[in-house]
4 protein chains.
Amino acid sequence: MFNDEQNLTEKQRGILAAATELFAEKGYAGTSTSEIAKKAGVAEGTIFRHYKSKKELLLTIVSPTMIKILGPVFKRDFNKVLDKEFDTFQDFIRAMIQNRIKFVKNNTPLLRILIQELPFHEDLKKQFIEHIGKDVFEKLRETVRHFQAKGQLIDTNPDTIIRIVGSSIFSYIISRYIVIPDADWDDEEIEWIIEILTNGISRKES
Amino acid sequence: MFNDEQNLTEKQRGILAAATELFAEKGYAGTSTSEIAKKAGVAEGTIFRHYKSKKELLLTIVSPTMIKILGPVFKRDFNKVLDKEFDTFQDFIRAMIQNRIKFVKNNTPLLRILIQELPFHEDLKKQFIEHIGKDVFEKLRETVRHFQAKGQLIDTNPDTIIRIVGSSIFSYIISRYIVIPDADWDDEEIEWIIEILTNGISRKES
Amino acid sequence: MFNDEQNLTEKQRGILAAATELFAEKGYAGTSTSEIAKKAGVAEGTIFRHYKSKKELLLTIVSPTMIKILGPVFKRDFNKVLDKEFDTFQDFIRAMIQNRIKFVKNNTPLLRILIQELPFHEDLKKQFIEHIGKDVFEKLRETVRHFQAKGQLIDTNPDTIIRIVGSSIFSYIISRYIVIPDADWDDEEIEWIIEILTNGISRKES
Amino acid sequence: MFNDEQNLTEKQRGILAAATELFAEKGYAGTSTSEIAKKAGVAEGTIFRHYKSKKELLLTIVSPTMIKILGPVFKRDFNKVLDKEFDTFQDFIRAMIQNRIKFVKNNTPLLRILIQELPFHEDLKKQFIEHIGKDVFEKLRETVRHFQAKGQLIDTNPDTIIRIVGSSIFSYIISRYIVIPDADWDDEEIEWIIEILTNGISRKES
DNA sequence: GATGAATGAGACTTCATTCAT
DNA sequence: TATGAATGAAGTCTCATTCAT
């Protein structure tokens with residue numbers, strides 16, 4: 001996860017990896033620096049040579065992550081979309097879901113930490129909304145307008161559509177891969193989500 | 001919040017209120033018993049006279065909440081709800097959303113704690129699944145089957161419908177009232193959620 | 001045990017009995033006043049209405065005991081002895097052993113406390129030596145001299161004889177009934193102790 | 001006392017020494033870890049860096065002592081002791097007494113702790129019986145049988161002889177050096193103990 | 001006299017952080 | 001640079017004792 005980061009020594013990578021995993025598993029406050037040191041295979045003092053405090057370690061993990069890792073991936077997706085690679089909104093959603101699932105699978109611990117710690121750290125929250133929230137929301141808005149213009153989507157406030165579609169997908173993926181990762185769900189459900197989002201749950205007369 | 005509970009001394013109520021507020025604000029692990037005592041205006045020892053441990057204090061706060069989460073809607077005679085009160089699935093959803101919004105508004109701190117702490121406490125998780133998962137899920141399934149039989153809902157696996165409808169509503173309410181309580185959203189959006197869930201987001205030709 | 005004590009209320013007797021049992025089992029420092037209260041079936045405050053402190057409770061149990069209970073019994077025995085009821089020293093020892101065993105069996109918890117707490121309480125130690133030590137030792141000395149005069153005992157310093165005979169018996173009884181009460185020992189061993197004390201362990205030629 | 005132990009830091013030795021002294025003086029339950037820290041001249045936390053808990057500290061102090069209690073006499077080649085070094089049982093007893101007196105003098109505080117705490121700690125009791133009880137008792141039994149075979153000892157159950165001789169010596173040494181260390185006793189009494197054990201206390205006609 | 005809720009000092013223990021090596 | 005022993009503040013919890021009822 002931190003392999004792509006340059007200018008990090010072997011030890012630093014180990015510390016970050018260990019801390020990420022432990023924070024995700026037991027929470028920030030529930031993880032001790034000695035546990036991190038042991039898991040990373042370094043001495044306790046070494047952690048503090050690289051990070052002034054435990055809090056700084058958390059911020060190091062969580063803050064650049066959002067900017068450097070979450071950001072680009074999101075943008076990558078939307079560039080694809082905005083390049084009009086998809087003919088229908090369904091295709092767009094499908095691609096997004098699959099992409100998000102992959103992303104979540106690759107970054108589960110990081111996301112877990114983010115979800116857990118966001119409420120307790122005003123600064124993190126602000127950064128999150130700043131970098132992800134605004135940027136991404138604006139691009140989604142464009143996408144929706146694009147498909148509305150093509151006549152594929154109902155003419156409601158784009159934000160409403162984004163929120164409903166987004167929260168359906170978001171909460172589905174979150175529950176599925178983070179909150180209850182052991183539950184055993186049917187994989188074709190994704191198609192049903194798309195179907196329902198498209199045509200609703202009410203039965204149409206033939 | 002704890003006013004309605006009988007047979008609680010003044011001090012106990014104070015301790016529960018202080019603990020709830022602090023747990024919600026700073027998390028369980030991030031709150032010290034001495035903080036709770038100070039906020040409640042009692043000696044630290046008093047806390048432990050009423051609750052064997054800090055963990056028991058958490059459970060006391062959180063357990064009844066879990067039971068109440070989806071309970072009320074189903075506590076009344078369930079058949080009544082199905083046969084008499086609601087003609088359509090939309091009406092049922094609308095009632096549920098409104099009921100849940102009221103509940104969430106009244107129990108925000110409690111729910112915050114629940115959401116934050118669930119991942120870190122195996123026992124809480126187990127209780128939650130016990131109380132909410134099985135019981136409530138089964139009743140929802142019946143409801144969906146009922147409306148499917150009436151020809152109002154598409155003939156998919158009821159669990160899929162529950163999951164999609166449920167997660168849409170759930171994540172909408174949670175984001176709206178707990179995660180980002182200051183965001184400024186349009187209240188008629190609820191009707192749009194229902195509309196979209198019912199008919200989908202795709203534009204129908206006239 | 002405290003039945004014969006006059007001017008004690010029902011509650012006081014209960015407290016003393018509970019405290020004695022618990023002190024014996026878990027030690028003075030290892031027993032809490034709340035445990036005592038629960039076992040005695042009274043409120044915690046009640047203990048402190050009768051005894052100013054936990055320490056005073058210990059002294060109440062342990063101090064008059066030595067004087068009122070251990071004392072008279074010892075004296076009773078020695079009066080019998082000094083009244084020349086025994087023809088031989090062996091008979092005297094046998095009577096004493098049996099008497100002591102009975103005494104120890106009836107007062108096990110008290111003795112346990114005494115053994116455990118004596119080293120930690122200078123005042124107790126002093127009282128013990130004062131009341132038991134001197135008084136009893138003097139009478140034993142007379143007894144030994146009596147049998148030496150009758151030509152039954154070797155002409156050594158009486159104190160040496162007392163110490164050796166006494167400690168043999170004492171440590172035998174203590175181990176047997178207090179330290180390792182569950183060990184399974186042969187009852188006729190008492191006769192062997194007397195035999196060995198009398199004639200030694202070396203084999204005599206016929 | 002802990003000088004001979006290798007691979008112990010200066011601080012560890014200090015902690016062990018302070019704890020030993022305080023446990024002996026005030027008992028395990030009556031000694032606080034903060035007292036130990038102060039006496040050892042270290043921070044309280046330092047204790048717990050070396051010993052997981054107060055209990056483990058007790059075990060560290062007491063366990064090796066138990067093993068050494070009767071060990072040394074038998075650690076050397078046991079047959080040598082029997083066949084060559086001692087011609088008579090008296091010589092054997094004399095050697096053992098002297099050896100044990102030396103040991104007790106050097107380990108008074110340790111033994112005090114052992115005697116005080118044994119009754120309250122099931123685990124200690126078990127260890128003790130394991131180390132001392134079985135092992136040593138069996139070897140003593142062989143010794144007694146050896147001298148019985150040589151015709152020096154009466155033909156009783158060896159266990160009886162061990163118990164009487166052992167408890168005489170044991171309680172003599174314990175009282176003399178641990179319980180009442182200030183009493184002023186005659187040193188040649190040891191010879192009298194041997195004499196009495198050998199020939200008994202009864203006067204033989206010439 | 002009896003109660004038991006309340007107290008607060010102090011017990012054991014953890015842990016982020018420092019610093020001599 | 002890395003180490004890990006040492007620290008001491010702070011955490012959870014216990015308990016003898018007090019006091020209003």
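- As annotated in an unreviewed UniProt entry, chain A is TetR/AcrR family transcriptional regulator from Ornithinibacillus xuwenensis.

**Looking at the overall build of chain A**
And step 1. Looking only at helices and strands, one finds nine helices and zero strands in chain A.
And step 2. Counting over 206 residues, chain A shows a buried share of 47%.
And step 3. Of the contacts formed within chain A by residues at least 6 apart in sequence, a portion of 61% connects residues at least 24 apart.
And step 4. Looking at chain A as shown, the accessible area adds up to about 10,400 Å², and 52% of this sits on carbon and sulfur atoms.

**Some remarks on the packing of aromatic side chains**
Residues and elements named next belong to chain B.
And step 1. The full count for this structure, using the stated rule, is 16 aromatic pairs over all chains.
And step 2. Between F89 and F147 the ring centres are 5.4 Å apart and the planes differ by 70°, which places this aromatic pair in the edge-to-face class. With F89 in helix α7 (residues 89-106) and F147 in helix α9 (residues 122-149), the pair connects residues that are 58 residues apart, well separated along the chain. One exposure class covers both F89 and F147, and it is buried.

**What about helix α1 (residues 10-26) of chain D?**
Because each turn of an α-helix spans 3.6 residues, side chains separated by three or four positions end up pointing in the same direction.
Residue and element names in this part refer to chain D.
And step 1. Its 17 residues give α1 an end-to-end C-alpha distance of 24 Å, which sits within 8% of 24 Å, the value for a rise of 1.5 Å per residue.
And step 2. Those residues of α1 lying buried are Q12, I15, L16, A18, A19, T20, L22, F23 and A24.
And step 3. Just beyond α1, the residue with positive phi is G27, at close to 85°.

**Re helix α2 (residues 33-40) of chain D**
Residue and element names in this part refer to chain D.
And step 1. The complete set of buried residues in α2 reads T33, I36, A37 and A40. Within α2, the buried residues cover an arc of 100° as seen down the axis, which keeps them to one side.
And step 2. Looking one or two residues beyond α2, the residue adopting positive phi is G41, at roughly 70°.

**Things to note about the protein's contact with DNA strand E**
And step 1. Around DNA strand E sit 32 residues in total, of which T33 of chain A, T46 of chain B, T46 of chain C together with T33 and K54 of chain D are the nearest.
And step 2. The sugar-phosphate backbone supplies 61% of the atoms of DNA strand E found within 4 Å of the protein.
And step 3. Contact between DNA strand E and K11 of chain C: a phosphate oxygen at 3.3 Å from a side-chain N or O atom of the residue.
And step 4. At 3.2 Å from a base nitrogen of DNA strand E is found a side-chain nitrogen or oxygen belonging to R49 of chain C.
And step 5. Residue assignment for the surface near DNA strand E shows that the elements contributing at least two residues are α3 (44-50) of chain A, α3 (44-50) of chain B, α3 (44-50) of chain C together with α2 and α3 (44-50) of chain D.
And step 6. Ranked by residues supplied to the surface near DNA strand E, first place goes to α3 of chain C with five residues.
And step 7. For the surface near DNA strand E, the per-class residue count stands at six nonpolar, 17 polar and nine charged.

**Regarding the protein's contact with DNA strand F**
And step 1. Among the 32 residues in the neighbourhood of DNA strand F, the closest are listed as T46 of chain A, T33 of chain B, T33 of chain C together with T46 and H50 of chain D.
And step 2. One of the side-chain nitrogen or oxygen atoms of K54 of chain B is found 2.8 Å away from a phosphate oxygen of DNA strand F.
And step 3. Broken down by element, the surface near DNA strand F gets its largest block of residues, five residues, from α3 of chain A.
And step 4. Of the residues assigned to the surface near DNA strand F, the class counts are six nonpolar, 17 polar and nine charged.

**Looking at the UniProt feature "DNA-binding region" (unreviewed entry) in chain A**
And step 1. Residues annotated in UniProt with the feature "DNA-binding region" (unreviewed entry) correspond here to residues 32-51 of chain A.
And step 2. As a span, residues 32-51 of chain A carries 75% helix and 0% strand, and end to end its C-alpha atoms are 14 Å apart.

**Remarks on the pattern of salt bridges**
All names here are of chain C.
And step 1. Under the definition given, this model contains 37 salt bridges over all chains.
And step 2. In this structure, K52 engages E56 in a salt bridge whose closest nitrogen and oxygen atoms are separated by 3.6 Å.
And step 3. Close ionic contact of R94 with D91 constitutes a salt bridge, the shortest N to O distance being 3.1 Å. Taken as a pair, R94 and D91 lie in helix α5 (residues 89-106) at a separation of three residues, close to a single helical turn.
And step 4. Of the residues examined, R94 reaches a relative accessible area of 24% and is grouped as partly exposed.

**What to know about the environment of R94 of chain C**
And step 1. Expressed as a C-alpha distance, the spacing of R94 of chain C and I194 of chain C, which sit 100 residues apart in the sequence, is 7.2 Å.
And step 2. With residues near it in sequence (within four places) discarded, R94 of chain C still touches E191 and I194 of chain C.

**Points about the interface of chain B and chain A**
And step 1. Taken together, the 39 residues of chain B in the interface contact 39 residues of chain A.
And step 2. Counting across the interface, chain B meets chain A through zero salt bridges.
And step 3. The interface formed by chain B and chain A contains zero residue pairs in polar contact (both at pLDDT 80 or more).
And step 4. Counting only elements with at least two residues in the side of chain B that touches chain A, the list comes to α1 (10-26), α7, α8 (108-117), α10 (158-179) and α11 (189-199) of chain B.
And step 5. Considering every element that reaches the side of chain B that touches chain A, the biggest residue donor is α10 of chain B, with eight residues.

**Remarks on the relation of the copies chain B and chain A**
And step 1. With an RMSD of 0.7 Å, the fit of chain B onto chain A corresponds to turning through 179° and sliding 0.0 Å along the axis. What the superposition gives is, in effect, a two-fold axis relating one chain to the other. Within chain B, the C-alpha atom positioned nearest to the axis of rotation is that of G200 of chain B, 1.7 Å from it.
And step 2. A high fraction, 100%, of the interface residues of chain B reappear at the interface in chain A, so the copies pair face to face through one surface.

**Observations concerning the side chain of Q12 of chain C**
All names here are of chain C.
And step 1. Tracing the backbone shows Q12 in helix α1 (residues 10-26).
And step 2. With relative accessibility at 14%, the residue Q12 sits in the buried group.
And step 3. The residues touching Q12, leaving out its near neighbours within four places in the chain, are H50 and Y51.

**Quick notes on the environment of Q127 of chain A**
And step 1. By the element assignment, Q127 of chain A lies in helix α7 (residues 122-149).
And step 2. Residue Q127 of chain A is classed as partly exposed on the basis of its relative accessible area of 26%.

**As for the environment of N157 of chain C**
Residues and elements named next belong to chain C.
And step 1. Mapped onto the fold, N157 is located in the loop between α7 (122-149) and α8 (158-179).
And step 2. For N157, a relative accessible area of 43% corresponds to the partly exposed category.
And step 3. With twelve residues separating them in the primary sequence, N157 and R145 have C-alpha atoms 9.3 Å apart.

**Things to note about the packing of α1 of chain C against helix α2 (residues 33-40) of chain C**
All names here are of chain C.
And step 1. Running from amino to carboxyl end, α1 crosses α2 at an angle of 130°, the nearest separation of the two axes being 8 Å. Between α1 and α2, the interaxial angle falls into the category oblique. Here α1 and α2 pass one another in a crossing that is right-handed. When α1 is examined against α2, the residues G14, I15, A18, A19, E21, L22, F23 and K26 are found in contact with a partner set consisting of E35, I36, K39 and A40.
And step 2. Of the residues belonging to the contact of α1 with α2, the class tally is seven nonpolar, one polar and four charged.

**With respect to the packing of α1 of chain B against α8 of chain B**
All names here are of chain B.
And step 1. Between α1 and α8, the least distance of the axes is 8 Å, while the angle of their chain directions is 55°. Comparing their axes, α8 and α1 come out oblique. The two elements α1 and α8 meet at a crossing, and its hand is left-handed. Seen from α1, the contacting residues are T20, F23 and A24; seen from α8, they are P109, L110, R112 and I113.

Conventions we followed
Residues numbered from 1 in each chain as written. Chains lettered and ligands numbered in written order. Predicted model: local features only at pLDDT ≥ 70, side-chain atom pairs only at ≥ 80, totals over all residues. Heavy atoms only, no water. Helix = DSSP H or I, 4+ residues; strand = E, 2+ residues; numbered from the N terminus. Buried < 20%, exposed > 50% of the residue type's maximum accessible area, 1.4 Å probe, protein only. Contact = heavy atoms within 4.5 Å. Areas by Shrake-Rupley, 256 points an atom, 1.4 Å probe, with all protein chains shown as cover. Phe/Tyr/Trp six-rings, centres within 6.5 Å; stacked < 30°, edge-to-face > 60°. Expected span 1.5 Å × (residues − 1). Arc of directions from axis to C-beta. Near = heavy atom within 4 Å. Polar contact = N/O pair within 3.5 Å; in protein donor to acceptor, adjacent residues only side chain to side chain. Nonpolar A, V, L, I, M, F, W, Y, C, P; charged D, E, K, R; others polar. UniProt positions renumbered as here; feature names shortened; annotations may be inferred. Salt bridge = Lys/Arg side-chain N within 4 Å of Asp/Glu carboxyl O. Least-squares fit on C-alpha atoms with pLDDT ≥ 70 in both. Axes fitted to C-alpha atoms, helices over the stretch in contact; angles between N-to-C directions. Parallel < 35°, antiparallel > 145°, perpendicular 65-115°, else oblique. Left-handed = near helix turned anticlockwise from the far one by under 90°.

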